[in-house]
Amino acid sequence: MDIGWKKITMEDRALIEHYYEREQSMSCEFSFANNLLWAPYYGIRYAVLRDCLVFCHVRDANTFSVSYPLGRGDIRGALEELFAYFAEKNLLFRMHLVTPQQYAHLMELYPMRFQIAYDRDAADYVYEAEKLKTLTGKKLHGKRNHINKFKQEHPDWSFERIKGHNAEECIEMAREWGRQNAIDEDWEKSAEFDITLRALRQHEQLKLDGGLIRADGRVVAFSLGEPCNRETYVVHIEKAFADVQGAYPIMNQQFVEHVAAGYRYINREEDAGVEGLRKAKLSYYPDLMVEKGTVTERND
């Protein structure tokens, strides 16, 4: 059978967001810009089956997988079409980035047929926005100190929204950040860096919100994000110079205060198993983790 997987383009925004709006998931993957930007690297395609949105990863036959059908259509019917597709292609059934809620629904439809392996490296860190904005409490005392130190050392600091006139400055800052962080060492780092530059260049077309921190006349940090659902805002990209003390904490705090205002939760995405990144995200004490796993058929 031919499902007719399609490449994601800018023109698909309305269609894809129609199904996202129905889903109201906290997962960082449920945002248009995120999928469009990563599509060339993971071979992301999409299809609509039985009024349900489905994504697939097509990097190679050995790792081919699909997402759980999104929306309020005939989910069982969409799943049956996916089962038939895998069988016809002689592929082992694999479903990626499945949340506990989706897996529970799958088990209701097909009891004991499937199993899930959750990936800690893929779990999203979600925080209450008010906590990231105010940084109140003993646990976040260190973050407040870092920000106060930054303000003392850079009394001329300012926060700016990223617009056409300063986006190029962020690109130059990102290039310098890339040189300092050896982004050519592995595929993931290089891909993420390329996506950062593309996101900056196309932030208006992608409808990404951006903010930067300026100190001593230069950009020392910037961040980009977009709404994930009616209550959750997802921060896709955040870069700061490590040798500028407090640049990361003040970027985080200012972005939530000025850009993500009005949202209850902030999703700061996963740590990808990077030790330093995990330590940094845990240091803000997430209020919840969005677990995601890989579903396969049981073989016992």
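Going by the structure above, here's the rest.
Note that the structure is predicted; figures quoted are calculated from it, not measured.

A. Looking closely at the pattern of salt bridges. Taken as a whole and judged by the stated rule, the model has 21 salt bridges. As a salt-bridge pair, R13 and E17 come within 2.8 Å of each other at their nearest N and O atoms. With R13 and E17 both in helix α1 (residues 13-23), this residue pair falls four residues apart, about one helical turn. Taken together, the salt bridges that share partners define one network made up of R120, D121, D271 and R278.

B. The side chain of S31, seen in detail. On the secondary structure map, S31 appears in the loop between α1 and α2 (32-42). Given the relative accessible area of 1%, S31 is considered buried. With sequence-adjacent residues up to four places away left out, S31 is seen in contact with Y20, E226, P227, V234 and H236.

C. Expanded view of helix α6 (residues 141-153). A rise of 1.5 Å per residue sets the reference length of α6, with its 13 residues, at 18 Å; its end C-alpha atoms lie 19 Å apart and thus fit the reference within 8%. Looking at α6, one finds that the buried residues are K143, I147 and F150. Taken down its axis, α6 places every buried residue within 55° of arc, on the same side. Along its buried surface, α6 packs onto β9 (209-215), β10 (218-227) and α10 (247-258).

D. Examining the packing of aromatic side chains more closely. Applying the stated criterion across every chain yields a total of 19 aromatic pairs. With a centroid separation of 6.4 Å and an interplanar angle of 80°, the aromatic rings of Y127 and Y284 are classed as edge-to-face. Of this pair, Y127 sits in strand β7 (residues 124-128) while Y284 sits in the loop between α11 (275-282) and β13 (288-290); the two residues are 157 residues apart in sequence, bridging distant segments of the chain. Residue classification places Y127 among the buried residues on the basis of a relative accessible area of 0%. Residue classification places Y284 among the buried residues on the basis of a relative accessible area of 8%.

E. Region of interest: the nonpolar core. Grouped together as the largest cluster of nonpolar side chains are 64 residues, with contacts concentrated most on I8, F55 and F222. Excluding its chain neighbours within four sequence positions, the residues that come into contact with F222 are I162, C170, M173, A174, T196, L200, G211, L212, I237, E238, K239 and M251. Core analysis: the second largest hydrophobic core is formed by 26 residues, F93, M95, L106 and L109 among them.

F. The side chain of N34, seen in detail. In this fold, N34 is placed in helix α2. Setting aside residues no more than four positions away along its own chain, N34 makes contact with C28, E29, E226, H236 and E269.

G. Representation of α1 in the model. Looking at α1, one finds that the buried residues are R13, I16, Y19 and Y20. Buried positions in α1, seen along its axis, are confined to an arc of 140° and lie on one side of it. Where α1 is buried, its residues meet α2, β2 (44-49), β3 (52-57) and α9 (203-206).

H. Quick peek at the sheet that holds strand β8 (residues 158-161). Here seven strands make up an open sheet; going across it, the order is β8-β9-β10-β11-β12-β7-β13 and the pairing mixed. At either margin of the open sheet sits one strand with a lone partner, and together these are β8 and β13. When strand polarity is set aside, the average angle formed by the axes of neighbouring strands in this sheet is 30°. One ladder, built from seven bridges, connects β9 with β10; its direction is antiparallel. If you follow I213 over to β10, its bridge partner there is A221.

I. Fine view of the environment of N166. Topologically, N166 is positioned in helix α7 (residues 164-180). Apart from residues no more than four positions distant in its own chain, N166 is found in contact with E160, R161, L212 and R214. A distance of 2.8 Å separates the side chain of N166 from the backbone nitrogen of K163, its partner in a polar contact.

J. Seen up close, unusual backbone geometry. Unlike most non-glycine residues, M112 shows phi in positive territory, near 65°. Residue position: M112 is located in the loop between α4 (100-109) and β6 (114-118). Residue M112 is classed as exposed on the basis of its relative accessible area of 55%. Non-glycine residue A272 carries a positive phi angle of around 55°.

K. Highlighting the pairing of β7. Of all the five residues making up β7, four are buried; the element is thus mostly covered by neighbouring parts of the structure. The pairing of β7 with β13 spans three bridges and is antiparallel. If you follow V126 over to β13, its bridge partner there is L288. Pairing analysis gives three bridges linking β7 to strand β12 (residues 265-267), with the strands arranged antiparallel. Bridge assignment links E128 to a residue of β12, and that residue is Y265.

The rules behind each value
- Just so you know, the residues in each chain are numbered from 1, in the order the chain's sequence is written.
- Restriction of local features to residues with pLDDT of at least 70 applies here, the model being predicted, together with a cutoff of 80 or more for giving and counting side-chain atom pairs; totals for whole chains, interfaces and linings are based on all residues.
- Side-chain figures throughout are based on the complete set of non-hydrogen atoms in the structure, without hydrogens or water.
- Salt bridge, as applied in this entry: a Lys or Arg side-chain nitrogen positioned within 4 Å of an Asp or Glu carboxyl oxygen.
- Segments assigned H or I by DSSP are reported as helices when at least four residues long, segments assigned E as strands when at least two residues long, and all are numbered from the N terminus.
- With a 1.4 Å probe rolled over the protein chains alone, any residue whose accessible area is under 20% of its type maximum counts as buried; one over 50% counts as exposed, and the rest are partly exposed.
- Residue contacts are defined here by distance: any two heavy atoms, one from each residue, within 4.5 Å place the two residues in contact.
- Helix span is expected to be 1.5 Å times the residue number reduced by one.
- Taken from the helix axis, the directions to the C-beta atoms give the arc we talk about.
- Pairing of aromatic rings covers Phe, Tyr and Trp, the last counted by its six-membered ring, and requires centre-to-centre distances within 6.5 Å; plane angles under 30 degrees mean stacked, over 60 mean edge-to-face, and any other angle means tilted.
- Residues belong to a common nonpolar core when they are buried Ala, Val, Leu, Ile, Met, Phe, Trp, Tyr or Cys residues joined through side-chain atoms within 4.5 Å.
- At least two bridges found by DSSP between two strands is the condition for calling them paired.
- Here an axis means a line fitted to C-alpha atoms, over the contact stretch when the element is a helix, while the angle between two N-to-C directions is reported on a 0 to 180 degree scale.
- Contacts described as polar in this section are N or O atom pairs within 3.5 Å, which, within protein, must combine one atom able to donate a hydrogen with one able to accept it, while residues neighboring in sequence count only if both atoms come from side chains.

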